[in-house]
Amino acid sequence: MILAFDGSSVDGSAYRYVTGLAAHSPAWLDGLVSFWSTYGLGLFAVLMVLGWWRARRESPGAALAALAVPLVVVVAYGVDLGVKLLVREDRPCRSLRVVTLEACPAPGDWSFPSNHAAIAAAVAVALLSVSRRLGAVAVVAAGAMAASRVWVGAHYPHDVAVGVLVGTLVAMAMTAALRILPDVSGHPLAASRLGVLLLAPRLTRSG
């Protein structure tokens, strides 16, 4: 038998309050939040693509920063998963035995910290260095993702808070490291076939 940490003593009452609100909310609202909680990460993928598409029209350096966003997400996810396996906190729906919108995960699917929150926060912070506008959209979406994971009963509030912290710190560290990289404008890669990843082709008028 695997002994798991019980996080209900941290903010179990807040978790019960939020899931209680969900239980008495209109079906359309619960359905909307559940849909976002399950599929909302797709929006962050779209924002990353948009960030790269816009950045390649600015400069190879900006495009390189945009292309690094998925790497930031992978690293943030890895760090978050490492903490999750180290702490091994049982899911609140299992510890508190409450009815939740999302089906309670199987034993061994640890709760702390939230992967969804870490990924969303990492995208948001990394995108802010690429596009302030897209980054702002991602920040709002990340907050909504973190809140939705508690609403559907998948996480305690402290799970999503630390998930956001992990994603933010990893993204801040990696984007800071990218700023010290040399300018790639004159690099042979920019003039190669792969240069389309770093610079949008310029259309020339004939006649």
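Residues numbered from 1 in each chain as written. Predicted model: local features only at pLDDT ≥ 70, side-chain atom pairs only at ≥ 80, totals over all residues. Heavy atoms only, no water.

Let's talk about the pattern of salt bridges
Heads up, the rule is: Any carboxyl oxygen of Asp or Glu that lies within 4 Å of a side-chain nitrogen of Lys or Arg is treated as forming a salt bridge with it. Numbering goes from the N terminus for both helices and strands, where a helix is a DSSP run of H or I of at least four residues and a strand is a run of E of at least two. Burial classes: relative accessible area under 20% of the type maximum marks a residue as buried, over 50% as exposed, and values in between as partly exposed (1.4 Å probe, protein chains only).
Under the counting rule described, the total for this entry stands at two salt bridges. Of the charged contacts in the structure, one is a salt bridge between Asp 109 and Arg 91, with a shortest N-O distance of 2.9 Å. You can see Asp 109 sitting in the loop between helix H6 (92–95) and helix H7 (115–128) and its partner Arg 91 sitting in the loop between helix H5 (69–87) and H6, a full 18 residues away along the chain. The exposure class assigned to Asp 109 is partly exposed, which follows from its relative accessible area of 36%. Its relative accessible area of 6% is what places Arg 91 among the buried residues. Measuring nitrogen to oxygen at the nearest pair gives 3.0 Å for the salt bridge that ties Arg 149 to Glu 102. Remark: Glu 102 occurs in the loop between H6 and H7 and Arg 149 occurs in helix H8 (residues 132–151); sequence separation between them is 47 residues.

Comments concerning the side chain of Asp 11
As a reminder, the rule being used: None of His or the chain ends enter the tally, which takes Lys and Arg as positive and Asp and Glu as negative. The criterion used for residue contact is that any of the two residues' heavy atoms lie within 4.5 Å.
With respect to the element layout, Asp 11 can be found in helix H1 (residues 8–23). Buried and unpaired, Asp 11 has no salt bridge, with Arg 16 as the nearest side chain of opposite charge at 11 Å. Ignoring sequence-local partners within four residues, the contact set of Asp 11 consists of Tyr 156, Pro 157 and His 158.

What to know about the nonpolar core
General note: in soluble globular proteins, nonpolar side chains tend to be found buried as a group. The cut-off we apply is this: Grouping buried Ala, Val, Leu, Ile, Met, Phe, Trp, Tyr and Cys residues that are joined through side-chain atoms within 4.5 Å yields what is termed a nonpolar core.
With 28 residues, the main nonpolar core has Phe 44, Val 123, Leu 127, Val 130 and Ala 138 as its most contacted residues. Elements represented by at least two residues in this core include exactly helix H3 (41–55), helix H4 (60–67), H5, H7, H8 and helix H9 (157–179). Among the elements that take part in this core, H7 stands out by supplying eight residues, more than any other. When sequence neighbours within four positions are dropped, the list of residues in contact with Phe 44 reads Trp 36, Ala 120, Val 123, Ala 138, Ala 141 and Ala 142. Formed by nine residues, the second largest nonpolar core is a distinct cluster that contains Val 98, Val 150, Tyr 156 and Val 160.

Function cannot be inferred from these measures alone, as they are strictly geometric.
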